[in-house]
Amino acid sequence: WYALAFSITGFMSVPFMLQFAAGRLRLLLIASTAFALVLAPVMVVAASHGGMRATGFTAFMMNLVFLLGWIPVVHRRFLPGCGVDWYVRDLLPAAGAAGGTLLVAKLLFPEQCGRSVAAFLVALSTLIAFLAALGVSPLGWTLLKRRPGQ
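The shown structure was predicted, so the numbers you read here are calculated from the model rather than taken from an experiment.

A.B. asks: Mind showing me how you'd approach the nonpolar core here?
C.D. replies: Counting residues in each nonpolar core, the largest one holds 18 residues, and the members touching the most others are Ile8, Met12, Phe66, Leu67 and Trp70. At the level of elements, helix 1 (2-22), helix 2 (26-78) and helix 3 (84-108) are the ones that each hand at least two residues to this core. If you tally residues by element for this core, the top one is helix 2, at 13 residues. Every residue in contact with phenylalanine 66, bar those within four places of it in the chain, is listed here: Met12, Ala31, Phe35 and Ile71.

Okay, structure coming up:
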């Protein structure tokens, strides 16, 4: 759950960069403060009652809700006309390919293995998930079609 939660954090950097590029960070400050005010007590409750797994799941769900709720707000403000298209055309296929790849990898992982084998399997499955996401995204195809030096 923690890996999924923090992978969403990477997607959340896009709205920050849009706001930063525009030189308008007020909206970001408000949203980040609200998110932190909600996240902190929710994580304390999750850790107190559910332990490590509940905390990881809670972090994932909180980040997912923030991602799905926050990016449309920023896109409406800073990129009018770029909304649902972005989710359906760019984000959904890449997230589905990466998520599906990681799910298959999880099912194929051995129940018991040493740390070095586990680290290798995690690195390999992460690389394969990245390549799967890149392969289904329009940006990935654009980058693959470019010749070096363009």
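A.B. asks: Whenever I open this one, the side chain of threonine 58 confuses me. Can you help?
C.D. replies: Structurally, threonine 58 can be placed in helix 2. Aside from chain neighbours lying at most four places away, what touches threonine 58 is Val42, Met43 and Ala46.

A.B. asks: Before we go on, may I ask you to explain the packing of helix 1 against helix 2 in this structure?
C.D. replies: Helix packing for two helices is described by the angle between their axes and how far apart those axes are. As a packed pair, helix 1 and helix 2 sit with axes 9 Å apart at the nearest point and diverge in direction by 25 degrees. Judged by the angle between their axes, helix 1 and helix 2 are roughly parallel. By crossing handedness, the relation of helix 1 to helix 2 is classed as left-handed. Its residues placed into classes, the contact of helix 1 with helix 2 shows 23 nonpolar, six polar and no charged.

A.B. asks: Would you mind going over the environment of alanine 40 with me for this structure?
C.D. replies: Among the secondary structure elements, alanine 40 is positioned in helix 2. Distance in space between the C-alpha atoms of alanine 40 and aspartate 85 is 32 Å, their sequence separation being 45 residues.

A.B. asks: Help me out: how do you make sense of the confidence of the model for the protein in this one?
C.D. replies: Low-confidence regions, as indicated by low pLDDT, have predicted coordinates that should not be scrutinised in detail. Of all residues in the protein, 94% attain a pLDDT of 70 or more, and the chain-wide mean is 82. Here helix 5 (residues 138-145) stands out as the least confident element of the protein, with mean pLDDT 72; helix 4 (residues 115-136) is the most confident, with 88.

A.B. asks: Got a minute to help me understand helix 4 in this structure?
C.D. replies: Two residues of an α-helix separated by three or four positions point the same way, owing to the 3.6 residues in each turn. With 22 residues, helix 4 should cover 32 Å at 1.5 Å per step; its first-to-last C-alpha distance of 32 Å lies within 8% of that length. Listing the buried residues of helix 4 in full gives Leu121, Ser125, Ala129 and Ala133. With its buried residues spanning 100 degrees around the axis, helix 4 presents them on a single face. More than 90 degrees from the buried face of helix 4, the exposed residues found are Ser116 and Phe120.

A.B. asks: Teacher, can you tell me more about the side chain of serine 137 here?
C.D. replies: In this structure, serine 137 sits in the loop between helix 4 and helix 5. A polar contact of 3.3 Å, which involves the side chain of serine 137, links it to the backbone oxygen of leucine 134.

A.B. asks: Is there a simple way to think about the packing of aromatic side chains in this case?
C.D. replies: With the rule as written, the count across this model stands at three aromatic pairs. Relative to phenylalanine 20, the ring of phenylalanine 16 has its centre 5.7 Å away and its plane inclined at 25 degrees; by these criteria the two rings are stacked. You can see phenylalanine 16 and its partner phenylalanine 20 sitting in helix 1, four residues apart, about one turn around the helix. Residue classification places phenylalanine 16 among the partly exposed positions, given a relative accessible area of 35%.

A.B. asks: I tried to follow a nonpolar patch on the surface on my own but got confused; where do I start?
C.D. replies: Where nonpolar side chains cluster on the molecular surface, the patch consists of Trp1, Leu4, Phe57, Met61 and Leu102 and spans about 430 Å² of accessible area. Looking at the secondary structure, you find tryptophan 1 in the segment before helix 1. Judged by its relative accessible area of 48%, tryptophan 1 falls in the partly exposed class.

A.B. asks: Where do I start with helix 1 in this structure?
C.D. replies: Counted at 1.5 Å a residue, the expected span for helix 1 with its 21 residues is 30 Å, and the 31 Å between its end C-alpha atoms agrees. All of the buried residues along helix 1 are Ala5, Ile8, Met12, Pro15 and Gln19. Packed against the buried residues of helix 1 are helix 2. Glycine 23 sits one or two positions beyond helix 1 and adopts a positive phi of about 75 degrees.

Cut-offs and rules
Residues numbered from 1 in each chain as written. Predicted model: local features only at pLDDT ≥ 70, side-chain atom pairs only at ≥ 80, totals over all residues. Heavy atoms only, no water. Core = buried A, V, L, I, M, F, W, Y, C linked by side-chain atoms within 4.5 Å. Buried < 20%, exposed > 50% of the residue type's maximum accessible area, 1.4 Å probe, protein only. Helix = DSSP H or I, 4+ residues; strand = E, 2+ residues; numbered from the N terminus. Contact = heavy atoms within 4.5 Å. Axes fitted to C-alpha atoms, helices over the stretch in contact; angles between N-to-C directions. Parallel < 35°, antiparallel > 145°, perpendicular 65-115°, else oblique. Left-handed = near helix turned anticlockwise from the far one by under 90°. Nonpolar A, V, L, I, M, F, W, Y, C, P; charged D, E, K, R; others polar. pLDDT = per-residue confidence, 0-100. Expected span 1.5 Å × (residues − 1). Arc of directions from axis to C-beta. Polar contact = N/O pair within 3.5 Å; in protein donor to acceptor, adjacent residues only side chain to side chain. Phe/Tyr/Trp six-rings, centres within 6.5 Å; stacked < 30°, edge-to-face > 60°. Patch = residues over 30% accessible without salt bridge, like charges linked within 9 Å, V, L, I, M, F, W, Y side chains within 5 Å. Areas by Shrake-Rupley, 256 points an atom, 1.4 Å probe, with all protein chains shown as cover. Salt bridge = Lys/Arg side-chain N within 4 Å of Asp/Glu carboxyl O.

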